Amino acid sequence: MSRRVELLVLAIIGLLMSSFQAIKAQTPVPHPREETDVKKLVQQLQDAWNAHDGKAFAAPFAADADYVVVNGIKIKGREEIEKGHAGIFATIYKDSHNVATIRGIRFLRQDVAIIHVEWNLEHSLEGERRKSRAMNTIVATEENGKWSIAAFHNTPIQAEGR
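Summarised in this report is the structure supplied together with it.

Conventions used here
Residues numbered from 1 in each chain as written. Predicted model: local features only at pLDDT ≥ 70, side-chain atom pairs only at ≥ 80, totals over all residues. Heavy atoms only, no water. Helix = DSSP H or I, 4+ residues; strand = E, 2+ residues; numbered from the N terminus. Contact = heavy atoms within 4.5 Å. Expected span 1.5 Å × (residues − 1). Buried < 20%, exposed > 50% of the residue type's maximum accessible area, 1.4 Å probe, protein only. Pairing = 2+ DSSP bridges. Axes fitted to C-alpha atoms, helices over the stretch in contact; angles between N-to-C directions. Phe/Tyr/Trp six-rings, centres within 6.5 Å; stacked < 30°, edge-to-face > 60°.

### Some remarks on the side chain of Asn 154
Consideration 1: Structurally, Asn 154 is set in strand β6 (residues 146-157).
Consideration 2: When residues no more than four places from it in sequence are discounted, the contact partners of Asn 154 are Tyr 67, Val 68, Val 69, Val 70, Ala 134, Met 135 and Asn 136.

This is the structure:
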């Protein structure tokens, strides 16, 4: 092999190695504490739902959070989230029970995470016990050591065969 070809091969190998290092450096690896903290947000939501407490449900949300309800309506801010949930906890979901299962956590950066959560809800409607499922996407952010929910989008999961 000529000296020129050898230098070209070495240059290509060097570029590939530095590219892989750059990609690896850009992939955030969360500290176990961050993952635990974002899981706590989901637990807070579940506990507050099952206590039928609108204020506690809204507590993990940022003051200016965006919230998309299962019917597509968008509400803005912790206060509106609290009011909306206080209303449903006093009426349609007053005897409900909701179980959260985290389906995935992805850190976009050390201080930004996307969390996918499946919810299994049981409630009564006109004397009949009902079950429904939803998948939601949470965007959580950390500021000054505290995690909060910046955005929450809720989507019903259709029953099989529909």
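Picking up where we left off.
### Some thoughts on helix α2 (residues 32-51)
Consideration 1: In this model α2 runs 28 Å from its N-terminal to its C-terminal C-alpha over 20 residues, within 8% of the 28 Å that 1.5 Å per residue would give.
Consideration 2: Residues of α2 that are buried: Glu 34, Asp 37, Val 38, Leu 41, Val 42, Leu 45, Gln 46, Ala 48 and Trp 49.

### So, the sheet that holds strand β1 (residues 61-68)
Consideration 1: A sheet is described by the order of its strands in space; here 6 strands give the open sequence β2-β1-β6-β5-β4-β3, paired in mixed fashion. Two strands close off the open sheet at either side, each with one partner strand: β2 (74-76) and β3 (97-109). The mean inter-strand angle of the sheet, taken between neighbouring strand axes irrespective of direction, is 15°.
Consideration 2: Across the face of the sheet, α2 comes into contact with β1, β3, β4 (112-125), β5 (128-143) and β6 while running at roughly 155° to β3.
Consideration 3: Across the face of the sheet, helix α4 (residues 78-90) comes into contact with β1 and β2 while running at roughly 55° to β1.

### Some remarks on the side chain of Glu 34
Consideration 1: Topologically, Glu 34 is positioned in helix α2.
Consideration 2: Take Glu 34: its relative accessible area is 9%, and that puts it in the buried class.
Consideration 3: The residues contacting Glu 34, other than those within four sequence positions of it, are Phe 107, Gln 110 and Trp 147.

### Things to note about the packing of aromatic side chains
Consideration 1: As enumerated under the stated definition, the model contains 9 aromatic pairs in all.
Consideration 2: Plain terms: the ring middles of Trp 49 and Phe 57 are 6.0 Å apart, the flat faces sit at 70° to each other, and that makes the pair edge-to-face.
Consideration 3: Using a relative accessible area of 7% as the deciding quantity, one classes Trp 49 as buried.

In short, the description is geometric, and any link to function would need to be established separately.
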